[in-house]
Amino acid sequence: MNATLAAWNATDEATALGAMIACCGARRWAAAMVAARPIETMEKLSTTADEIWSTMEVPDWMEAFRRHPRIGERKPAHATAKSEVWSKQEQESAAAADASVLARLAEGNAVYEQRFGFTYIVCATGKSAEEMLAILERRLRNGRETELREAAEQQRQITQLRLRKWLAE
């Protein structure tokens, strides 16, 4: 068994909850993950995370979204220290982007939040700032319900990446 996973299974509830909140900011999701312990394998952790995420509702999604920085910005609004580090890593390409791309991302973020009422969420790992901008511009054409589901799927992908990062520590 992975050492991080073994320690998480054996730790107290508050510590276990903190580890999950860093991976996904929805408290109901994190609490359900802690309640599912013990989880013996990395594969089961991944499967359990997806199964629990599929039971989440709009308020849970919104809580998770609030813990992400806007693409191109440095500081998440309500993030844990660990998730802040991960966000910075995930958005590395945005940090090196041309000023005009960053300005368009900032404008797009503002329009997105005005239109949908939450932060633009995209699984940024491996994507250039230009790719994230193109995705943002495409998603601005979505209706709110479609966009909520798309953002929730992006959050699921981010959570999976963060779970793998956490297990690798």
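Note that the structure is predicted; figures quoted are calculated from it, not measured.

With respect to the packing of helix α8 (residues 99-116) against helix α9 (residues 129-139)
Next, step 1: Running from N to C, α8 and α9 cross one another at 30°; their axes reach a closest spacing of 10 Å. In terms of orientation, α8 lies roughly parallel with respect to α9. Read as a crossing pair, α8 and α9 show a hand that is left-handed. On α9, the residues that touch Val 101, Arg 104, Leu 105, Gly 108, Asn 109, Tyr 112 and Phe 116 of α8 are Ala 129, Glu 130, Met 132, Leu 133, Leu 136, Glu 137 and Arg 139.

Some thoughts on the packing of aromatic side chains
Next, step 1: According to the stated counting rule, one finds 6 aromatic pairs in the structure shown.
Next, step 2: Pairing Trp 8 with Trp 166 gives two aromatic rings, centres 5.8 Å apart and planes at 85°, and the pair type is edge-to-face. On the criterion of sequence distance, the pair formed by Trp 8 in helix α1 (residues 3-10) and Trp 166 in helix α10 (residues 144-168) is long-range, its members being 158 residues apart.
Next, step 3: Relative to Phe 118, the ring of Phe 65 lies with its centre 5.1 Å away and its plane at 35°, an arrangement referred to as tilted. Residue Phe 65 is found in helix α5 (residues 58-66), and its partner Phe 118 is found in the loop between α8 and α9; the two are separated by 53 residues along the sequence. Both residues of the pair, Phe 65 and Phe 118, belong to the buried class.
Next, step 4: Through a chain of ring-to-ring contacts, three or more aromatic side chains come together here, namely Phe 65, Tyr 112, Phe 116, Phe 118 and Tyr 120.
Next, step 5: Of note, Arg 37 hangs over the ring of Trp 8, and the distance from its end group to the ring centre comes to 5.6 Å.

Analysis parameters
Residue positions are given per chain, counted from 1 along the sequence in the order it is written. Reporting of local features is limited, given that this is a predicted model, to residues whose pLDDT is at least 70; pairs of side-chain atoms are given and counted only at 80 or more, and all residues count toward the totals for whole chains, interfaces and linings. Water and hydrogen atoms were dropped before computing side-chain values, which therefore reflect all heavy atoms in the structure. Between the N-to-C directions of two axes lies an angle of 0 to 180 degrees, each axis being a line fitted to C-alpha atoms and, for a helix, fitted only over the stretch in contact. In this text, helices come from DSSP runs of H or I with a minimum length of four residues, and strands from runs of E with a minimum of two, each type numbered from the N-terminal end. For classification purposes, angles smaller than 35 degrees are called roughly parallel, those larger than 145 roughly antiparallel, those between 65 and 115 roughly perpendicular, and all remaining angles oblique. For any pair of crossing helices, the crossing counts as left-handed if the nearer helix is rotated counterclockwise from the farther one by less than a right angle, and right-handed if it is rotated clockwise. Note on contacts: a residue pair is in contact if any heavy atoms of the two residues lie within 4.5 Å. Pairs were defined over the aromatic rings of Phe, Tyr and Trp, the Trp ring being its six-membered one, requiring ring centres within 6.5 Å. Orientation was assigned from the angle between planes: stacked under 30 degrees, edge-to-face over 60, tilted for the rest. When accessible area is computed with a 1.4 Å probe and restricted to protein chains, residues below 20% of their type maximum are described as buried, those above 50% as exposed, and intermediate ones as partly exposed. Charges are assigned to positions over rings by a cutoff of 6 Å between ring centre and Lys NZ or Arg CZ, combined with an angular limit of 35 degrees from the ring normal.

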